[in-house]
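Working through the structure, step by step
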Amino acid sequence: AHVTTTESTQTTSIAQVCQNGGTSSGSVCDCSGTGGKVGQYCEAIPRSCSDLLDAGYADGDHRVQLDPQGDNSITFYTYCVLFNNSAHNHVARCSGSYELNLVLSTYILGFHYGPRNFWLGLDNMILLTLKPKNLKFTINYSSSNLTGVASIEYKNVSFVQTLSGYYTAIAFSETPSRTYDIHPTPIDVDELIPTSETIDFDDGALFSAPGTMNPNNCGNVAERGWWFTSSCGITNPLGWSYKAVPGPTRSSHVLIPGVNMDRVKDAIDYISLSIED
């Protein structure tokens, strides 16, 4: 920083104004070692994971605090995944074995359970999709004979609040795309990747949790909150994992349409939901 007067020019080190552990990098502050801060002086909480790209963060997983409104009124911790100049805001992660029979208000505000599992909250999801974003549902496999990821991606998704007080996801897109990177690939891809029924965004599915009656009492039936279709189906990505509770003995297990759970249940490590900037 240069300060010029009529008599002389004085130079002070930019390191004196870098905050939160930021370091001097030429004429700017390097915020990549601050644990999630951004801004000219590493003074700010990012509004979304894309802010980390401008702050020089490297590719990889970063646990950060987000401030989607930019005024510290709503802040929460999540994981930002940077890869090839793209930023992914993780809004949910579930490895099973956790009791998620929670009321709607808890799903609205968000919660953490365990060291790496969380649900960011419907209010926060709305703030992150004020402009439609791509949304990806991913199944992560990790076992002695099956590793990797399988995903289904929806284009231009927004989370909104309806007049009835429930939340819905609307996609303005064609058929969702499915991808996989599984090693080895021992079974048909249709058994690895969920169909569009997994998260039926195309028809504006309503979010239902235990204690809410719509749609069709699905939240009470599944004992979990999720975006259910009118027929409820068997979708329950936030249910107990097969690893934690042996055998499909009740509806609160992980049940994913399009995935042959009898074939891959022992290989599923966790599921995640992310919004891509």
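As a starting point, this report considers the structure included with it. (Residues numbered from 1 in each chain as written. Predicted model: local features only at pLDDT ≥ 70, side-chain atom pairs only at ≥ 80, totals over all residues. Heavy atoms only, no water.)

**What to know about the overall build of the chain**
Secondary structure assignment for the chain yields 5 helices and 16 strands. Among the 277 residues that make up the chain, the fraction classed as buried is 47%. For the chain, the proportion of contacts with a sequence separation of at least 24, taken over those separated by at least 6, is 53%. Summed over its atoms, the accessible surface of the chain is roughly 13000 Å², and 50% of this surface lies on carbon and sulfur atoms. (Helix = DSSP H or I, 4+ residues; strand = E, 2+ residues; numbered from the N terminus. Buried < 20%, exposed > 50% of the residue type's maximum accessible area, 1.4 Å probe, protein only. Contact = heavy atoms within 4.5 Å. Areas by Shrake-Rupley, 256 points an atom, 1.4 Å probe, with all protein chains shown as cover.)

**A look at empty space enclosed by the protein**
Evaluated as defined, the whole model comprises 1 cavity of 30 Å³ or more. If you add up the space inside the largest cavity, you get close to 40 Å³. Lining the largest cavity, in full, are Cys94, Ser95, Gly96, Pro237, Gly239, Ser241, Val254, Ile268, Asp269, Tyr270 and Ile271. Residue contributions to the lining of the largest cavity peak at 4 residues, all from strand β16 (residues 268-276). Within the lining of the largest cavity, the residues separate by chemical class into 6 nonpolar, 4 polar and 1 charged. (1 Å grid on protein atoms, 1.4 Å probe; cavity = no way out; pocket = protein on both sides within 12 Å on 5 of 7 lines; lining within 4 Å. Points joined across faces, edges and corners; volume = space filled by probe spheres on them. Nonpolar A, V, L, I, M, F, W, Y, C, P; charged D, E, K, R; others polar.)

**Describing unusual backbone geometry**
Geometrically, the link from His183 to Pro184 is a cis peptide bond, its omega value of -20 degrees lying close to zero. By the secondary structure assignment, Pro184 is in the loop between β13 (177-183) and β14 (206-208). The phi dihedral of Asn20 is positive, around 55 degrees, even though this residue is not glycine. In this structure, Asn85 takes a positive phi of about 65 degrees despite not being glycine. Mapped onto the elements of the fold, Asn85 is located in the loop between β6 (76-83) and β7 (86-94). Taking the relative accessible area as the measure of exposure, Asn85 reaches 66% and is therefore exposed.

**Quick notes on the packing of aromatic side chains**
As enumerated under the stated definition, the model contains 12 aromatic pairs in all. Here Trp119 and Phe207 contribute two aromatic rings whose centre-to-centre distance is 5.7 Å and whose plane-to-plane angle is 40 degrees, an arrangement assigned as tilted. Of this pair, Trp119 sits in strand β9 (residues 117-119) while Phe207 sits in strand β14, and the two are 88 residues apart along the sequence. Assessed through its relative accessible area of 2%, Trp119 is described here as buried. Ring pairs connect the aromatic residues Tyr107, Phe111, Tyr113, Trp119, Phe137, Phe159, Phe207, Trp226 and Trp227, which therefore count as one cluster. (Phe/Tyr/Trp six-rings, centres within 6.5 Å; stacked < 30°, edge-to-face > 60°.)

**Quick look at the layout of surface pockets**
Empty space within the largest pocket amounts to approximately 470 Å³. Considering the residues around the largest pocket, the lining is formed by 22 residues, among which Val81, His88, His90, Lys136 and Thr138 are closest to the centre. Mapped onto the lining of the largest pocket, the elements with two or more residues apiece are β6, β7, β10 (133-142), β11 (147-161), β13 and β16. Broken down by class, the residue content of the lining of the largest pocket amounts to 7 nonpolar, 9 polar and 6 charged. Quantified by volume, the second largest pocket comes out at close to 220 Å³. If you go around the second largest pocket, the residues you meet are Arg47, Ser48, Pro68, Gln69, Leu127, Leu128, Thr129, Leu130, Lys131 and Lys133.

**Some points on the pattern of salt bridges**
Taken as a whole and judged by the stated rule, the model has 1 salt bridge. Its salt-bridge partner being Asp277, residue Lys133 comes within 2.9 Å of it at the nearest N-O pair. In this pair, Lys133 sits in strand β10 while Asp277 sits in the segment after β16, placing the two residues 144 residues apart along the sequence. Assessed through its relative accessible area of 29%, Asp277 is described here as partly exposed. (Salt bridge = Lys/Arg side-chain N within 4 Å of Asp/Glu carboxyl O.)

**Observations regarding the nonpolar core**
By size, the foremost hydrophobic cluster in this structure holds 71 residues, and its most contacted members are Trp119, Leu122, Tyr141, Phe207, Trp227 and Leu238. In terms of residues, this core owes the most to one element, β11, which gives 5 residues. (Core = buried A, V, L, I, M, F, W, Y, C linked by side-chain atoms within 4.5 Å.)

**Examining the state of the cysteines**
Applying the stated criterion across every chain, the model contains 3 disulfides. Paired by a disulfide, Cys18 and Cys29 hold their sulfur atoms 2.1 Å apart. Judged by the torsion about the S-S bond (-100 degrees), the Cys18/Cys29 disulfide is left-handed. With a gap of 11 residues between them, Cys18 in the loop between β2 (9-11) and β3 (23-25) and Cys29 in strand β4 (residues 28-30) connect regions that are remote in the sequence. The pair Cys18 / Cys29 is uniform in exposure class, with both members buried. (Disulfide = S-S within 2.5 Å.)

**Focus: the environment of Asp54**
Within the secondary structure, Asp54 sits in helix α1 (residues 50-54). When the C-alpha positions of Asp54 and Gly39 are compared, they lie 8.8 Å apart, and in sequence the two are 15 residues distant.

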